[in-house]
Amino acid sequence: MGTLQETLNSVLDDTCEPQELLSIWIIPQLREWGIQLSDSERVQLEDEFQKFTLEAATLSLMNYRFLDSTGPRYVTAENRMSIAKRTLKYALGLFMAEKTRNLVEGLEGHATSILRDEREEQRRLEQGVSEEWQEPLDLLTVFVALTKGVRSLFDDQFLNEATLSGGITFATLAVLHARACQVSSEILVLLRCGFADGAYARWRTLYELSAVSLFIEKNGKEVAERYLFHETLERSRLARQYQQGRYPGVSSRLSQEWIDNLASLQDYLLKAYGKQFKENYGWAASVLSGNPTLQRIAESVGLGDSYPAYRLASTSVHASALSTFRLSVPEAPLGRAVHASPNAIGLKSPGYYCARSLEVITTALLKCQPGLDDHAVLKRGTILRSLRVLVSRVLKGNYIRK
């Protein structure tokens, strides 16, 4: 941070007091134009200076144009003070523009050094995280690698065959599992870089994936189909919102024919599955009466005990007052504001929940794999037991801060 701080100090500290602008910039400029202010007029100009803020002057001068190099064309006794006042704002704008230019050029000129300092600071942080959390993070990395390796057992051809042979439940779970592997890898990166809140927030998605996966695995083909078809409703809604929105600089619009086709598909699905299908979790309405929610889905598959943690993790995502404090990570010191820089605080919860959720999703996928012979069943059992043993070791890792 040394080079960045030096650049900021060299530009921002090299400024004069606002009142000095009158004698350094404004009075000489007026004198050059043949305007010699009297003592009373100078006092009046100083009073005018006090009436408006630098912020207001800066904002009003973003596109301000007043004087050319030759100055005002006519100077009379009546317009002398008007010219002086406008020159005051003009001079402030020039002053701020010069400082802005100097700062931007200074940052660009020292970009290499600033980037080097930033990378060195991140390297030290990651080294500290590794020294303090090495055992659980390494075990979690191995666990995530294993779950991604499991995916290599199911290539695209097998998924297509599973779908054609009625294995849509397995195919749906395989897609959910692929996304879970991605999210878990993101969580690992955030943990190793010292972003506990970010990792905890990403676990929210992993929790939702685990609840949905178990629900589909438990209730079978019809729910899997409803889940997949529900994507059409979401796509239709987003398409309409995009079409109605205004995006500066974006002239392209979606094809009306395409939007109409989505609307027709939506009408067909609502007739087939009922009006409740239109809700966010309407695809689960055939099993859960009333208005299905994530909480009800989670509770129906035995994940209700983790739902409070999910709600707590949600505070890291939104701009609430609560999110400004490290309350989103349970073991973090209460009342300590979120650090601007990454740190090694609070990595336990996101690491713990990541391992648990990924195990749930992978187990649901393996248990639903269709058409296994006895040999394949034994292999699957070995993987399932290995997942359970490894996740238990991840959760028992050294998560206690030294």
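Draft legend 1. Layout of the nonpolar core. Formed by 64 residues in total, the largest nonpolar core has its most connected members in Leu140, Ile187, Trp203, Leu206, Phe215, Ile216 and Trp283. With 12 residues, the single largest contributor to this core is helix 9 (residues 196-219). Ignoring sequence-local partners within four residues, the contact set of Trp283 consists of Val212, Phe215, Ile216, Val223, Arg226, Tyr227, His230, Phe277 and Ile297. Among the nonpolar cores identified, the runner-up in size contains 11 residues, and Ile26, Leu30, Trp33 and Met81 belong to it.

Draft legend 2. Representation of the side chain of Thr172. Structurally, Thr172 can be placed in helix 8 (residues 168-192). Side-chain polar atoms of Thr172 contact the backbone oxygen of Ile168, separated by 2.8 Å. Leave out the neighbours within four places in its chain, and Thr172 touches Ile216, Ala224, Tyr227 and Leu228.

Draft legend 3. Representation of the packing of aromatic side chains. As enumerated under the stated definition, the model contains 13 aromatic pairs in all. Aromatic pair Tyr281 and Trp283: ring centres 6.4 Å apart, planes at 55 degrees, arrangement tilted. Overall, the relative accessible area of 3% leaves Trp283 in the buried class. Here a set of aromatic residues connected by ring pairs shows up, and it is made of Tyr200, Trp203, Tyr207, Tyr307, Tyr310, Tyr352 and Tyr353.

Draft legend 4. Local environment of the pattern of salt bridges. Inspection of every chain in the model, using the stated rule, returns nine salt bridges. In this structure, Arg202 engages Glu186 in a salt bridge whose closest nitrogen and oxygen atoms are separated by 2.8 Å. Of this pair, Arg202 sits in helix 9 while Glu186 sits in helix 8, and the two are 16 residues apart along the sequence. Owing to a relative accessible area of 24%, Arg202 belongs among the partly exposed residues under this scheme. On the basis of relative accessibility, which here comes to 35%, the residue Glu186 falls in the partly exposed class. In this structure, Arg226 engages Glu222 in a salt bridge whose closest nitrogen and oxygen atoms are separated by 3.3 Å. Of this pair, Arg226 and Glu222 both sit in helix 10 (residues 221-244), four residues apart, roughly one helical turn. Exposure remark for Arg226: the relative accessible area of 9% places this residue in the buried category. Look at the salt bridges and you will find they share partners, linking Glu120, Arg123 and Arg124 into a network.

Draft legend 5. Here's a closer look at the confidence of the model for the protein chain. Across the protein chain, the average pLDDT comes to 77, with 72% of residues at 70 or higher. Ranking the helices and strands of the protein chain by mean pLDDT puts helix 12 (residues 294-300) first, with 96, and helix 4 (residues 54-60) last, with 47. Segment residues 55-70 is flagged for pLDDT under 50; beyond a separation of four residues in sequence, or across chains, it makes 17 contacts in the model. Counting interchain partners and residues more than four positions distant, the pLDDT-below-50 stretch residues 398-402 has 17 contacts.

Draft legend 6. Main features of the environment of Trp283. Position of Trp283 relative to the elements: it lies in the loop between helix 11 (256-273) and helix 12. Taking the C-alpha atoms as reference points, Trp283 and Ala224, 59 residues apart in sequence, are found 8.6 Å from one another.

Draft legend 7. Focus on the environment of Ala145. Here Ala145 is to be found in helix 6 (residues 111-151). By relative accessible area, which is 42% here, Ala145 ends up partly exposed. Each C-alpha atom of the pair Ala145 and Cys181 lies 8.7 Å from the other, and the pair is 36 residues apart in sequence.

The rules we used
Residues numbered from 1 in each chain as written. Predicted model: local features only at pLDDT ≥ 70, side-chain atom pairs only at ≥ 80, totals over all residues. Heavy atoms only, no water. Core = buried A, V, L, I, M, F, W, Y, C linked by side-chain atoms within 4.5 Å. Buried < 20%, exposed > 50% of the residue type's maximum accessible area, 1.4 Å probe, protein only. Helix = DSSP H or I, 4+ residues; strand = E, 2+ residues; numbered from the N terminus. Contact = heavy atoms within 4.5 Å. Polar contact = N/O pair within 3.5 Å; in protein donor to acceptor, adjacent residues only side chain to side chain. Phe/Tyr/Trp six-rings, centres within 6.5 Å; stacked < 30°, edge-to-face > 60°. Salt bridge = Lys/Arg side-chain N within 4 Å of Asp/Glu carboxyl O. pLDDT = per-residue confidence, 0-100.

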